[in-house]
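Coordinates in review
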Amino acid sequence: MSDDPNTSSEPSAQELVDDEDLATWLVAGAEKAQATRRNFLTTMAGAAGAAAIASTGCDTRLWEKYTQKHYKELNAADKQKLIARVEAEAADRYGVEIKVGDPRPLPGVGYAYALNLSYCIGCRRCEYACARENNTSRDPEIHYIRVLAIEKGTMSVEESESDYEGAVPSPDKYYMPVQCHQCDHPPCVRACPVEATWKEKDGIVVVDYDWCIGCRYCEAACPYWARRFNFGAPTIRPSEINPVQGLLSNRLRPMGVIEKCTFCLHRTRVGRYPACLEVCPTGSRKFGNLLDPNSEVRQIIQSKRIFVFKEELGTIPRFYYYFD
Amino acid sequence: MGLWAAIVLLFALPVVASCGGGGEPAHAQGGEHAGEPSVPDADIVIPPRTTQLATYPCVEQCHADRVANPTPRPLREFHSAKHIEHGDTTFWCNFCHNFDNLNTLHLLDGRTATFDEAYRLCGECHGDKRRDWALGIHGLQTGFWNGEKTRRSCTACHDPHAPRRPRFQALPAPHPRTGVQ
Ligand code: SF4
């Protein structure tokens, strides 16, 4: 039973969440973030203008940050500058060296996800693997995936619970993980007053973390509760930071912006499977190119009775569920 | 008469169409396992099982001079930890293990399969799972959705002697913040 997650060398749940080290980091991280903001405000209040702000490396970055253009308006040079700034910020704040890339949609590829509800046992391995992969805040805790435990014989999401504990699967429950459905008619995108979120050619809905004003309209608009807001400065232990980052996906976020599942675009746009899929001990999760008739998702669509969640809303999700 | 022909056609057509559709991808057929569902593509790696079995090769390690006994009975001396919870009470070792060469398994028609090819044996009863597995939609697959993948054979996840998987401990429920605190 080599693949049994109970015996693998991955960190246990306790190691992931209860750590004295982390507590120290939470405090240090929050203080540092506050200091940076104060520093910026003082500099602005000094009214010394752009010249003064540009006088030190750190202040230059702040100036750049507050005059940052929308992602879609960046040219190659701007993008390089942005990447350099993001990398420098990570070094500053966390003391880690990260590599930020910006993989673009692959031609002829449209992603879709399929999840077998007969197999999912609600173990939450996917939730934690996602957090590790996507550098989501550990405190306040942000998980893109929410696993609902639903009474067998019903389809009642309203009566489901997501805070179950203990041994799974419970004999009278089935489990339905919910994450961003990358809808083809995304209500979240239409709700955004500043166009900080949009749908890319391969179907993935992304957020420009520099453009988001944190109004949370999109979070309210999403019928799948898939968007997460950084109420606090995200904290994450430097040793746990995934250094392979994407500009529109798992790069380290600031406080006050929205974030969401991006089908791990920094992985999937270079051909790899999403992190949640690879960790699933039951193989419930399947991912692939909807436009390729031999892909796994297409085989599932052809041979299983699939359904989408809240179909009546007309969101056209790219996330299919099925029982088999 | 014409009406009946039309009705019959109406029902027959979708059936014919759906027969051609599902099943195995065309590029993965034939080869040494002709007549069985497809063997995996070239870019699919199946991690070997034999290297992980402590007592393999069975013949060289024990069974060169120890004849396997095909009579069902409680095992006290050897394999006493083995616990068969598979196929009710009808299974005994020789249902799957090849008693003529214990380093291999045998299929129903007398051909043999290695321990690394357990999917050929399991698929003889669990044809639906075998077909899904060949399409990449049953079991865990990791690697590249558009390239080389690692596909687990049946026995990587299921203990063939007791294939129902044990319950897991769920990881703790997260404690998200839902407002400014
Ligand atoms: S890891 Fe797999 S089995 Fe566990 S909750 Fe997620 S989808 Fe379900």
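Residues numbered from 1 in each chain as written. Chains lettered and ligands numbered in written order. Predicted model: local features only at pLDDT ≥ 70, side-chain atom pairs only at ≥ 80, totals over all residues. Heavy atoms only, no water.

**Digging into the overall build of chain B**
Across its full length, chain B holds 5 helices and 6 strands. In sequence order, the secondary structure elements of chain B are arranged as α-β-α-β-β-α-α-β-β-α-β. Expressed as a percentage of its 181 residues, the buried residues of chain B come to 31%. Put simply, 49% of the contacts in chain B that link residues at least 6 apart link residues at least 24 apart. (Helix = DSSP H or I, 4+ residues; strand = E, 2+ residues; numbered from the N terminus. Buried < 20%, exposed > 50% of the residue type's maximum accessible area, 1.4 Å probe, protein only. Contact = heavy atoms within 4.5 Å.)

**Quick notes on the overall build of chain A**
Counting its secondary structure elements, chain A contains 11 helices and 13 strands. Contacts in chain A between residues far apart in sequence, at least 24 positions, make up 67% of those at least 6 positions apart. Surface summary for chain A: the accessible area is close to 13900 Å², and the carbon and sulfur share equals 54%. (Areas by Shrake-Rupley, 256 points an atom, 1.4 Å probe, with all protein chains shown as cover.)

**Comments concerning the sheet that holds strand β5 (residues 149–151) of chain B**
Residue and element names in this part refer to chain B. If you trace the 3 strands from one edge of the open sheet to the other, you get β1-β5-β4, paired in mixed fashion. With partners counted over all chains shown, the strands left at the sheet margins are β1 (44–45) and β4 (141–143), one partner each. Relative to β5, β4 runs antiparallel, the two sharing 3 bridges. Looking across to β5, one finds that Gly143 is bridged to Lys149. (Pairing = 2+ DSSP bridges.)

**With respect to the site of the ligand**
Residues in close proximity to the ligand include Cys120, Ile121, Gly122, Cys123, Arg124, Arg125, Cys126, Pro177, Cys280, Pro281, Thr282 and Arg285 of chain A, which together make up its full environment. A per-class count over the shell around the ligand returns 7 nonpolar, 2 polar and 3 charged. (Near = heavy atom within 4 Å. Nonpolar A, V, L, I, M, F, W, Y, C, P; charged D, E, K, R; others polar.)

**With respect to the pairing of strand β13 (residues 319–322) of chain A**
Residues and elements named next belong to chain A. Of the two faces of β13, the one holding Phe319 and Tyr321 and the one holding Tyr320 and Tyr322 are both buried throughout. Of the pairings in the sheet, the one linking strand β2 (residues 111–116) to β13 comprises 4 bridges and is parallel in character. If you follow Ala114 over to β13, its bridge partner there is Tyr320. The sheet contact formed by strand β12 (residues 306–307) and β13 spans 2 bridges and is antiparallel. Pairing of Ile306 across the sheet is with Tyr322, part of β13.

**Considering the packing of aromatic side chains**
For the coordinates displayed, the defined rule picks out 19 aromatic pairs over all chains. A ring pair is formed by Tyr113 of chain A and Phe287 of chain A, whose centres lie 5.8 Å apart and whose planes are at 65°; its orientation type is edge-to-face. Pair noted here: Tyr113 of chain A is in strand β2 and Phe287 of chain A is in strand β11 (residues 285–289), with a separation of 174 residues, a long-range link. Exposure remark for Tyr113 of chain A: the relative accessible area of 0% places this residue in the buried category. Judged by its relative accessible area of 0%, Phe287 of chain A falls in the buried class. Between the aromatic rings of Tyr56 of chain B and Phe115 of chain B, the centroid separation amounts to 5.5 Å while the plane-to-plane angle is 65°, which identifies the pairing as edge-to-face. Linking Tyr56 of chain B in the loop between β1 and α2 (58–63) with Phe115 of chain B in the loop between β3 (112–114) and α3 (118–125), this pair joins segments that are 59 residues apart in sequence. Residue classification places Phe115 of chain B among the buried positions, given a relative accessible area of 11%. Looking at Arg124 of chain A, its charged tip hangs above the ring of Tyr164 of chain A, at a distance of 4.0 Å from the centre. Sitting over the ring of Tyr209 of chain A, Arg253 of chain A keeps its end group 5.6 Å from the ring centre. (Phe/Tyr/Trp six-rings, centres within 6.5 Å; stacked < 30°, edge-to-face > 60°. Lys NZ or Arg CZ within 6 Å of the ring centre and 35° of its normal.)

**Observations regarding the confidence of the model for chain B**
Chain-level statistics for chain B give a pLDDT mean of 81 and a share of 76% at 70 or above. The ipTM assigned to the predicted complex is 0.79, against a pTM of 0.80. (pLDDT = per-residue confidence, 0-100.)

**Concerning the pattern of salt bridges**
Residue and element names in this part refer to chain A. In the structure shown here, the tally under the stated rule is 27 salt bridges over all chains. The closest approach of N and O atoms between Lys69 and Asp78, which form a salt bridge, is 3.2 Å. Arg269 is the partner of Glu200 in a salt bridge, and the nearest nitrogen-oxygen pair spans 2.8 Å. Of this pair, Glu200 sits in the loop between β6 (197–199) and β7 (205–207) while Arg269 sits in the loop between α9 (265–268) and α10 (275–279), and the two are 69 residues apart along the sequence. Assigned by exposure class, Glu200 and Arg269 land together as buried. (Salt bridge = Lys/Arg side-chain N within 4 Å of Asp/Glu carboxyl O.)

**Structural notes on the sheet that holds β13 of chain A**
All names here are of chain A. On the basis of which strands lie adjacent, the open sheet formed by 4 strands has the order β11-β2-β13-β12 and mixed pairing. The open sheet terminates on both sides in strands that have one partner only, identified here as β11 and β12. When β2 meets β11, the two strands line up antiparallel, connected through 5 bridges. Directly across from Ala114, in β11, lies its bridge partner Lys286. Where helix α11 (residues 296–303) meets the sheet, it contacts β2, β11, β12 and β13, and its direction lies at approximately 110° from that of β11. (Axes fitted to C-alpha atoms, helices over the stretch in contact; angles between N-to-C directions.)

**Observations concerning the nonpolar core**
If you look at the biggest cluster of nonpolar residues, it comprises 60 residues, and the most contacted ones within it are Met176, Phe263, Phe287 and Tyr321 of chain A. Those elements that place two or more of their residues in this core are α5 (76–94), β2, α6 (125–134), β3 (146–151), β5 (173–178), α10 and β13 of chain A. Among the elements that take part in this core, α5 of chain A stands out by supplying 5 residues, more than any other. Residue contacts for Phe287 of chain A: discarding those within four places in its chain leaves Tyr111, Ala112, Tyr113, Phe263, Thr268, Tyr273, Pro274, Leu277, Glu296 and Val297 of chain A together with Trp145 of chain B. Ranked by size, the runner-up nonpolar core spans 12 residues in total, among them Val205, Phe229, Phe231 and Val257 of chain A. (Core = buried A, V, L, I, M, F, W, Y, C linked by side-chain atoms within 4.5 Å.)

**A closer look at the pairing of β5 of chain A**
Residues and elements named next belong to chain A. Of all 6 residues in β5, 6 are buried, a share of seventy percent or more. Neither face of β5 is left uncovered, since the one carrying Lys173, Tyr175 and Pro177 and the one carrying Tyr174, Met176 and Val178 both have all their residues buried. Two elements, β3 and β5, share 6 bridges in a ladder whose sense is antiparallel. Residue pairing in the sheet places Val147 in a bridge with Pro177 of β5.

**Focus on the side chain of Glu133 of chain A**
Of note, Glu133 of chain A is situated in helix α6. A polar contact of 3.1 Å, which involves the side chain of Glu133 of chain A, links it to the side chain of Arg267 of chain A. (Polar contact = N/O pair within 3.5 Å; in protein donor to acceptor, adjacent residues only side chain to side chain.)

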